[in-house]
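Here is what each chain is made of, one letter per residue.
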Amino acid sequence: MKSLLLAIAAVLVSTAVFAAGEMRIEITASAVEKGHNIFVSNCNACHGLKYYRDKDHQEGYAPLMDPATAAATFGVAPPDLSLITAARGKGRVGARYVHELLTGYYTDADGKIKNRAFAAETQTEGVIAMPQPIAADDPALDEKARDVAAFLYTVSNPDEPERRSLGKYVVAYMVVMTALLFVLNKVTWKQVKKKLER
């Protein structure tokens, strides 16, 4: 029984350590609120959030620029960002991609604007139609990119807080049930062995 409980604890601890090691984007209420504000001021001109819902936006955000005008201006219609982090990877992988995209702009020797994250994602040279939404010389670029990534992560995963709050109860239930089944198994086989010995 003791060894079983130790094994379960080891699995839970290793899982928690792995999750903590992979987390780069902090999903906090403060970061999400700041990211929301940055999205409205820096991103909403071109990008919408049609699946986003809050008390003030029951039908999400529509892009301020007409999609046809945006397509004519940039050569491609800017995508809706409601599910961008979910589309770019499980867990916080998608949020990290958004952060890397926002901080990965550079100008090459020919004067072309490129993006390292976009190049890796598309397997191209990284020429990107989207102008850099947060100025490269902004001292808070990295922090702002993290906040936007946190906000877009919550838009893609609106039910995560509920899942996380239920998680501890599910794990506790599994531990209790495992212990009960272990004890039941021991008692049952003890009785079977007694009958076989008669």
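The preceding data block contains the structure.
The structure contained in this document is the topic of the report that follows. Note that the coordinates shown come from a computational prediction; the quantities given were computed from them, not determined experimentally.

### A look at the overall build of the chain
For the chain, the helix and strand inventory stands at eight helices and two strands. Ordered by position from the N terminus, the helices and strands of the chain form the series α-α-α-α-α-β-β-α-α-α. Burial statistics for the chain: of 198 residues in total, 29% are counted as buried.

### Looking at the pattern of salt bridges
Applying the stated criterion to the full structure yields seven salt bridges. Notably, a salt bridge pairs Glu143 with Lys34, separated by 3.1 Å at the nearest N-O pair. Taken together, the residues span a long stretch of sequence, with Glu143 in helix 7 (residues 141-156) and Lys34 in helix 2 (residues 29-43) at a distance of 109 residues. Judged by its relative accessible area of 45%, Glu143 falls in the partly exposed class. Classification of Lys34 by relative accessible area gives partly exposed; the value is 33%.

### A few points about a nonpolar patch on the surface
Side chains of Leu166, Tyr169, Val170, Tyr173, Met174, Val176, Met177, Leu180, Leu181 and Leu184 sit close together on the surface and give an oily, nonpolar patch of about 1,000 Å² of accessible area. Position of Met174 relative to the elements: it lies in helix 8 (residues 160-197).

### What to know about the environment of Asn44
Inspection of the secondary structure puts Asn44 in the loop between helix 2 and helix 3 (67-74). Along the backbone, Asn44 and Pro63 are 19 residues apart, and their C-alpha atoms lie at a distance of 5.4 Å. The residues touching Asn44, leaving out its near neighbours within four places in the chain, are Phe39, Tyr61, Ala62, Pro63 and Leu64. Here Ala62 takes part through its backbone oxygen, which lies 3.3 Å from a polar atom of the side chain of Asn44.

### Observations regarding the side chain of Ser82
Looking at the element boundaries, Ser82 is found in the loop between helix 3 and helix 4 (84-87). A distance of 2.6 Å separates polar atoms of two side chains, one belonging to Ser82 and the other to Asp80. Apart from residues no more than four positions distant in its own chain, Ser82 is found in contact with Gly48, Leu49, Lys50, Tyr51, Tyr52, Val155 and Ser156.

### Here's the deal with the packing of aromatic side chains
For the structure on display, the rule yields four aromatic pairs. With a centroid separation of 5.9 Å and an interplanar angle of 45 degrees, the aromatic rings of Phe39 and Phe151 are classed as tilted. With Phe39 in helix 2 and Phe151 in helix 7, the pair connects residues that are 112 residues apart, well separated along the chain. No difference in accessibility class separates Phe39 from Phe151, as the two residues are buried. These aromatic residues form a ring-pair network of at least three members: Phe39, Tyr52, Tyr61 and Phe151. Sitting above the plane of the Tyr153 ring, Arg92 keeps its charged end 5.2 Å from the centroid.

Cut-offs and rules
Starting afresh in each chain, residues are numbered from 1 along the sequence in its written order. Owing to the predicted nature of the model, reporting of local features is limited to residues with pLDDT of at least 70; listing and counting of side-chain atom pairs is limited to 80 or more, with chain, interface and lining totals taken over all residues. Side-chain figures throughout are based on the complete set of non-hydrogen atoms in the structure, without hydrogens or water. Here a helix means four or more residues in a row that DSSP labels H or I, a strand means two or more in a row labelled E, and each is numbered from the N terminus. Only protein chains enter the accessibility calculation, which uses a 1.4 Å probe. A residue is then buried if its area is under 20% of the maximum for its type, exposed if over 50%, and partly exposed in between. Take a side-chain nitrogen of Lys or Arg and a carboxyl oxygen of Asp or Glu: if they are within 4 Å of each other, that pair is a salt bridge. Patch rule: a residue counts if its relative accessible area is over 30% and it has no salt bridge; like charges are joined within 9 Å, and nonpolar side chains (Val, Leu, Ile, Met, Phe, Trp, Tyr) within 5 Å. To be clear on the numbers: accessible area is Shrake-Rupley with a 1.4 Å probe, and residue cover counts the displayed protein chains and nothing else. Pairs of residues are marked as contacts when any of their non-hydrogen atoms sit within 4.5 Å. Counting of polar contacts relies on pairs of N or O atoms within 3.5 Å, with two restrictions inside protein: one atom must be capable of donating a hydrogen and the other of accepting it, and residues adjacent in sequence are counted only when both atoms are side-chain atoms. Two aromatic rings, drawn from Phe, Tyr or Trp (for Trp, its six-membered ring), form a pair once their centres lie within 6.5 Å of each other, and the interplanar angle then sorts them: stacked below 30 degrees, edge-to-face above 60, tilted otherwise. Working rule: Lys NZ or Arg CZ, within 6 Å of ring centre, within 35 degrees of ring normal, means a charge sits over the ring.

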